[in-house]
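Coordinates in review
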Amino acid sequence: MRDFVPDRFSDWFAARGWSIHPHQQEMLEKAGAPALLLVAPTGGGKTLAGFLPTLAELADGAREGLHTLYVSPLKALAADIRRNLRAPIEEMGLPIRVEDRTGDTAATQKRRQRADPPHILLTTPESLALLTSYEDAPRIFAGLERVIVDEVHALAESKRGDQLMLALARLSRLRPGLRRVGLSATVENPAAMGRILAKHPDPVEIVHADPGPAPDISMLQTAAAPPWAGGGGRHAIPEVLREVGRHRTTLIFHNTRAQAEIFFHHLWLANDEGLAIGIHHGSLSRESREKVEAAMVAGSLRAIVCTGSLDLGIDWGDVDLVIQVGAPKNVKRLVQRIGRANHRYNAPSKALLVPANRFEIVECKAALDAVREGTLDGDAPAHGPRDVLCQHILITACAGPFDADALYAEVTSAGAYAGLARDAFDACLDFCATGGYALRAYDRWQRLVRRPDGLWQLRDPRAAQTIRMNVGTIQDTDTLKVRLKNRAGGKPLGEVEEGFAATLTPGDTFLIGGRVVRYEGLRELTVEVTRRADREPKIATFMGTKFATSTRLTGRILDILAQETWPDLPGHTAEWLALQRRVSRMPGADRLLVESFPHDGRQHVCAYGFAGRNAQATLGLIMTQQMERLGLAPLGFVATDYATLVWGLEALPDARALFAPATLREGFERWLAGNAVMKRTFKASAVIAGLIERNTPRAGGRKSGRQQTFSSDILYDTLLKYDPDHLLMQITREEALRGLVDFGRIEEMLARVEGRIDHVALDRVTPLAAPLFLEPGRVPVEGEGRERMVAEAAERLMEAAGLPR
Amino acid sequence: MNGAGVSLEIAGAALTLLPGRALWWAAERLLVASDLHLGKSERIARRGGALVPPYESADTLGRLAALVRAHAPAHVVCLGDSFDDLRAAEALGPADRDELAGLMAGRRWTWVQGNHDPGPTALGGTCAPELRLGGIALRHAAEPGEAGPEISGHYHPKAGPHGVRRPAFVTDGRRLILPAFGTYTGGLDAADPAIARLMGPGARAILTGPTQAALPLSACRRTAGGPPRRAVRGAARGPA
């Protein structure tokens with residue numbers, strides 16, 4: 001056993017009063033495995049476990065060149081790891097050079113790294129993809145022994161992970177003996193995660209760390225009952241402040257950036273004791289985030305209000321409480337967030353849930369039960385998206401001429417692409433080369449050409465520059481920087497969505513970085529603001545992912561609703577549910593409840609599909625389209641994770657006609673053709689696949705989002721009309737069905753319900769439907785109503801301006 | 001086509017602003033469309049850019065053909081930037097050439113020169129730097145010094161209330177700027193200083209598409225001063 005741990009290492013552990021964890025030891029023992037996956041809870045010394053074999057192999061100083069590549073989803077994590085490795089390397093006197101390489105690394109440093117790579121290079125999937133695009137990639141990676149993928153559970157669910165695995169496939173071809181190591185948080189199915197990590201069909205060895213004691217987790221009891229709708233959690237501010245006061249450091253997680261901003265604002269208004277509290281989310285400027293991170297590491301903050309930007313990796317030191325505001329939507333993420341509390345191994349993590357509204361009390365209860373019973377949500381299956389493959393083909397072409405057969409073999413050695421058929425691969429290659437259109441228009445202007453010797457290469461080698469500038473799969477939302485006026489060159493406060501900026505008129509106020517600012521104007525695509533807060537703020541609408549409640553959590557929620565009584569729930573919530581059962585019905589797992597009632601001069605239909613936010617929104621779009629055809633004049637709808645509420649001019653006579661599976665599917669097909677979600681999905685895939693270039697050397701920087709939106713919409717419309725089976729249209733459909741459109745969850749719901757539809761017609765709003773009236777994100781329906789709105793608004797403006805029509 | 005269009009009188013001429021982004025002058029039996037940008041995808045590909053769907057010329061010509069069928073003009077004027085560049089005109093595919101030849105047959109056809117297509121093509125018709133009809137100047141880009149009535153294109157104006165952005169006509173009763181007709185064309189905010197400085201008092205934008213609402217130009221402004229926007233790629237949706 002001891003043989004695996006060099007003396008120098010055991011001495012170092014001993015000198016620090018540490019003992020090596022069993023899983024760290026096991027990682028050393030199994031260091032020779034071609035693929036090795038470590039599953040460990042946060043704080044289990046995971047990173048060190050990943051690096052120990054590298055340090056041991058490099059200890060004798062006999063090696064030159066790159067030995068280990070470390071890839072993490074966060075730039076900040078790479079820098080953090082570099083600092084953390086410094087201690088063992090310096091204290092043991094190891095002759096090892098460690099450097100990071102991310103989007104923030106200076107160009108001169110990057111050039112030097114290519115000429116003279118360090119022993120350990122810390123990087124991100126995007127920077128790695130870029131490295132493989134250089135002609136000298138074979139030389140850079142010639143001696144590579146190990147690649148460590150950190151937070152592999154987070155990467156595995158995203159296109160960034162798919163891109164990374166394709167890059168690893170390339171590395172394995174350049175360096176056949178390369179060993180892969182994955183570091184993962186607790187996941188439902190480690191074997192499936194291992195298959196994504198390993199070179200297909202290599203086996204993977206899995207090391208499990210001790211999961212540690214069960215977390216101490218409960219619902220925060222508040223004096224004020226949560227509101228009927230909304231997601232702010234403001235009612236809980238006194239209790240949250242009390243808990244912050246009782247703990248050393250508290251992380252307060254929110255599901256969206258906008259909610260984090262509002263909560264932070266009100267937290268400060270009530271912060272009479274002046275506790276040091278910061279805010280951290282992805283729309284804040286890097287400077288602001290770094291300041292908060294530094295204060296956190298220094299231990300000078302008592303709490304941080306944050307979002308998913310703190311979900312991953314970085315060791316925040318002394319966090320002893322995690323508060324989750326709003327239902328967690330997904331049990332796996334909740335468990336990982338809870339893990340942020342108490343990085344001391346073997347001490348239970350402490351967490352409090354704050355339901356933001358009445359319904360979320362039920363959701364939080366369901367999530368608590370799930371955590372206690374240790375059931376997670378299941379893992380997304382590997383799918384190997386083709387837009388990422390198209391980008392990979394272009395990156396490959398940048399590195400030099402390539403053989404299609406060899407590239408196909410390489411691609412299918414990535415787990416997620418193992419099932420990729422040759423004709424599907426060829427279609428992607430054809431798209432990269434000719435555009436892949438039914439009309440062969442570009443024979444002279446192909447992007448890739450086949451040489452007489454059969455190899456493929458770029459027609460114009462200068463194209464490599466543009467391709468490199470567009471590497472990556474992270475979706476840019478169209479955001480504008482926010483700056484204080486009259487501070488040219490001053491640091492930005494953060495970013496807001498362009499769509500939000502377009503709704504502002506000078507004098508409007510909004511929250512950013514916890515401050516209320518006043519909108520002054522747009523200048524060079526920057527939002528200029530001043531610090532004048534004399535009005536109630538509008539709230540910045542950040543894109544931020546809106547997670548849908550997972551299928552499994554939804555099942556638990558339906559189980560709770562099915563109970564006869566609810567002794568475990570607060571009185572006000574139990575009474576609310578009982579009232580619903582009395583005046584209408586309770587939604588169930590095996591039936592679809594549809595209520596219809598008039599309210600405020602409009603007819604309403606509420607469908608309780610419990611299919612998750614995205615699918616319920618899709619359902620809303622299909623319902624309103626069907627209703628328009630039936631002449632019911634729908635005006636708009638709003639969707640939550642559990643229901644869709646539609647309002648319009650006419651009452652719904654019979655819900656069964658609306659929800660017949662054949663009708664829904666037919667409506668779905670028709671609707672798919674022209675909707676905005678499809679266009680957004682198309683745009684994302686078109687950018688990844690290289691049909692739309694975000695960055696071009698000529699244009700001198702990024703196009704404004706508006707221009708890009710227009711061009712991608714028109715490209716979508718054109719393809720739909722003239723080439724509906726084009727590769728990108730196929731990809732768009734596939735993506736939308738799984739992602740934003742989520743029709744899969746509607747199918748799941750239809751299967752569950754099997755045509756058992758309960759239509760309850762009432763004369764007033766029902767208890768369960770009432771909160772939906774307060775829900776933000778109401779979607780107006782395109783159609784006659786919309787055209788009337790345009791005409792009326794224009795007329796009012798003309799009148800106001802004193803102009804004749 | 002939806003609706004009959006919006007009537008507008010310039011220098012005594014009764015004009016109709018069509019929902020399909022073109023101008024109909026009934027007395028002259030004249031159809032005017034600006035900024036067709038035919039061959040744009042070919043030009044982007046030729047210059048090493050992305051291979052965008054090569055269907056925009058067919059789509060643009062198809063919509064022009066529908067207008068020609070509906071109005072049977074005696075004279076068609078394309079108001080400049082009809083081709084994305086002169087090489088794109090040469091590279092037009094055979095089907096598009098046939099469509100264009102069919103449209104041109106039996107009527108007068110004038111290609112006004114634009115900044116993208118500053119010379120004649122081999123496609124027939126008359127090529128002219130500008131045109132004067134019934135006392136109205138027809139040219140590609142408005143002349144700031146022009147004192148008389150004028151019809152032009154070039155700026156691709158777009159406008160609409162509440163975040164709606166549709167290709168639009170802009171006029172102050174003396175000058176008229178046409179929206180871009182081409183399928184792959186971008187837009188410039190109608191209130192952009194580049195357009196606004198050409199307009200006198202009482203200027204307004206008239207939207208194209210199913211609802212041809214008119215808006216005061218001042219209300220098209222997104223912000224005080226207005227954000228600078230280049231008229232480049234991207235386009236409006238065609239009429240429904």
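Residues numbered from 1 in each chain as written. Chains lettered and ligands numbered in written order. Predicted model: local features only at pLDDT ≥ 70, side-chain atom pairs only at ≥ 80, totals over all residues.

Here we come to the sheet that holds strand E3 (residues 23–25) of chain B. Residues and elements named next belong to chain B. Taken in spatial order, the seven strands of this open sheet run E1-E2-E3-E4-E5-E6-E7, and their pairing is mixed. Strands with a single pairing partner mark the edges of an open sheet, and in this sheet they are strand E1 (6–10) and strand E7 (126–128). Here the strands of the sheet are splayed against their neighbours by 25° on average, with no regard to which way each runs. Lying on the sheet, helix H2 (residues 56–71) is in contact with E3, strand E4 (30–33) and strand E5 (75–78); it crosses E4 at an angle near 165°. (Pairing = 2+ DSSP bridges. Helix = DSSP H or I, 4+ residues; strand = E, 2+ residues; numbered from the N terminus. Axes fitted to C-alpha atoms, helices over the stretch in contact; angles between N-to-C directions. Contact = placed C-beta atoms within 7 Å.)

What follows covers the sheet that holds strand E2 (residues 68–71) of chain A. Residue and element names in this part refer to chain A. If you trace the seven strands from one edge of the open sheet to the other, you get E3-E4-E2-E5-E6-E1-E7, paired in parallel fashion. Bordering the open sheet on either side are strand E3 (98–101) and strand E7 (205–208), each of which pairs with just one other strand. Averaged over all pairs of adjacent strands, the angle between strand axes in this sheet comes to 20°, irrespective of strand direction. Sheet analysis places strand E1 (residues 35–39) next to strand E6 (residues 179–184), joined by five bridges and oriented parallel. Opposite Val 39, over in E6, you have Ser 184 as the bridge partner. Strands E1, E2, strand E4 (120–123), strand E5 (146–149) and E6 of the sheet are contacted by helix H3 (residues 46–58), whose axis makes an angle of about 165° with E6.

This part is about the pairing of strand E2 (residues 13–17) of chain B. Residues and elements named next belong to chain B. Inspection of the sheet shows E1 paired to E2 by five bridges, in the antiparallel sense. Following the sheet pairing, Ser 7 is matched in E2 by Thr 16. With antiparallel pairing between neighbouring strands as the criterion, E1 and E2 make up a hairpin whose turn holds two residues, including Ala 11 at a positive phi of roughly 50°. Strand direction decides the pairing type here: E2 and E3, joined by three bridges, are antiparallel. Each bridged residue has a counterpart across the sheet, and for Thr 16 the counterpart in E3 is Trp 24. Here E2 hands over to E3 after five residues, with Arg 21 in that stretch at a positive phi of 75°.

With that settled, consider unusual backbone geometry. The omega torsion across His 200 of chain A and Pro 201 of chain A is 0°, close enough to zero to call that bond cis. We note that Phe 610 of chain A has phi near 50°; this positive angle belongs to a residue other than glycine. The residue His 154 of chain B is not glycine, and still its phi comes out positive at about 75°. By the element assignment, His 154 of chain B lies in the loop between strand E10 (150–152) and strand E11 (157–159). A tally of 24 C-beta atoms within 10 Å means that His 154 of chain B is categorised as buried. (Buried ≥ 20, exposed ≤ 12 C-beta atoms within 10 Å, placed from the backbone.)

Residues at a pLDDT of 70 or more form 86% of chain A, whose mean pLDDT is 84. The least confident element of chain A, judged by mean pLDDT, is strand E26 (residues 701–702) of chain A at 42; the most confident is helix H17 (residues 404–411) of chain A at 98. (pLDDT = per-residue confidence, 0-100.)

Bringing helix H9 (residues 159–174) of chain A into the picture now. The end-to-end C-alpha separation of H9 of chain A is 23 Å, in line with the 22 Å expected for 16 residues at 1.5 Å each. Buried residues dominate H9 of chain A, accounting for 14 of its 16 residues. (Expected span 1.5 Å × (residues − 1).)

Residue and element names in this part refer to chain B. On average, residues of chain B score 87 in pLDDT, and 89% of them are at 70 or above. The low-confidence segment residues 223–240 (pLDDT under 50) makes 58 contacts with residues lying over four places distant or belonging to another chain. Here the complex is predicted with pTM 0.79, and the ipTM for its interfaces comes to 0.88.

Residues and elements named next belong to chain A. As a packed pair, helix H23 (residues 613–629) and helix H29 (residues 743–753) sit with axes 8 Å apart at the nearest point and diverge in direction by 85°. Classed by the angle they form, the pair H23 and H29 counts as roughly perpendicular. Packed against H23, whose contacting residues are Ala 615, Thr 618 and Leu 619, the element H29 presents Phe 743, Arg 745 and Ile 746 at the interface. Looking at the contact of H23 with H29 residue by residue, the class counts come to four nonpolar, one polar and one charged. (Parallel < 35°, antiparallel > 145°, perpendicular 65-115°, else oblique. Nonpolar A, V, L, I, M, F, W, Y, C, P; charged D, E, K, R; others polar.)

A few words on the pairing of strand E22 (residues 602–608) of chain A. Residues and elements named next belong to chain A. Counting buried positions over the seven residues of E22 gives six, a clear majority of the element. With seven bridges connecting them, strand E21 (residues 592–599) and E22 associate as antiparallel partners. Pairing of Val 594 across the sheet is with Ala 607, part of E22. In this antiparallel pair of consecutive strands, E21 and E22, the connection spans two residues, and Asp 600 shows a positive phi of 55°. Sheet topology note: the E22/strand E24 (residues 644–648) ladder contains five bridges and is antiparallel. When the sheet's bridge partners are listed, His 604 is paired in E24 with Trp 647.

Residue and element names in this part refer to chain A. Structurally, chain A comprises domain 1 (2–208), domain 2 (216–373), domain 3 (386–469), domain 4 (479–530) and domain 5 (569–787). Here domain 1 and domain 3 have C-alpha centroids that lie 29 Å from each other. For the side of domain 1 that touches domain 3, the secondary-structure elements that each account for two or more residues are helix H6 (125–132), H9 and helix H10 (190–197). The greatest single-element share of the side of domain 1 that touches domain 3, amounting to nine residues, is contributed by H9. Partitioned by chemical class, the residues of the side of domain 1 that touches domain 3 number nine nonpolar, five polar and seven charged. (Domains from an automatic or database assignment.)

Residues and elements named next belong to chain A. Leu 38, Val 149, Leu 197, Cys 428 and Cys 432 are the most contacted members of the largest nonpolar core, which has 111 residues in total. Tallying contributions element by element places helix H16 (residues 386–399) first for this core, with eight residues. Leave out the neighbours within four places in its chain, and Val 149 touches Val 71, Leu 155, Leu 164, Gly 182, Leu 183 and Leu 197. Counting residues in hydrophobic clusters, the runner-up holds 105 residues, among them Val 335, Leu 493, Ala 615 and Leu 632. (Core = buried A, V, L, I, M, F, W, Y, C linked by C-beta atoms within 7 Å.)

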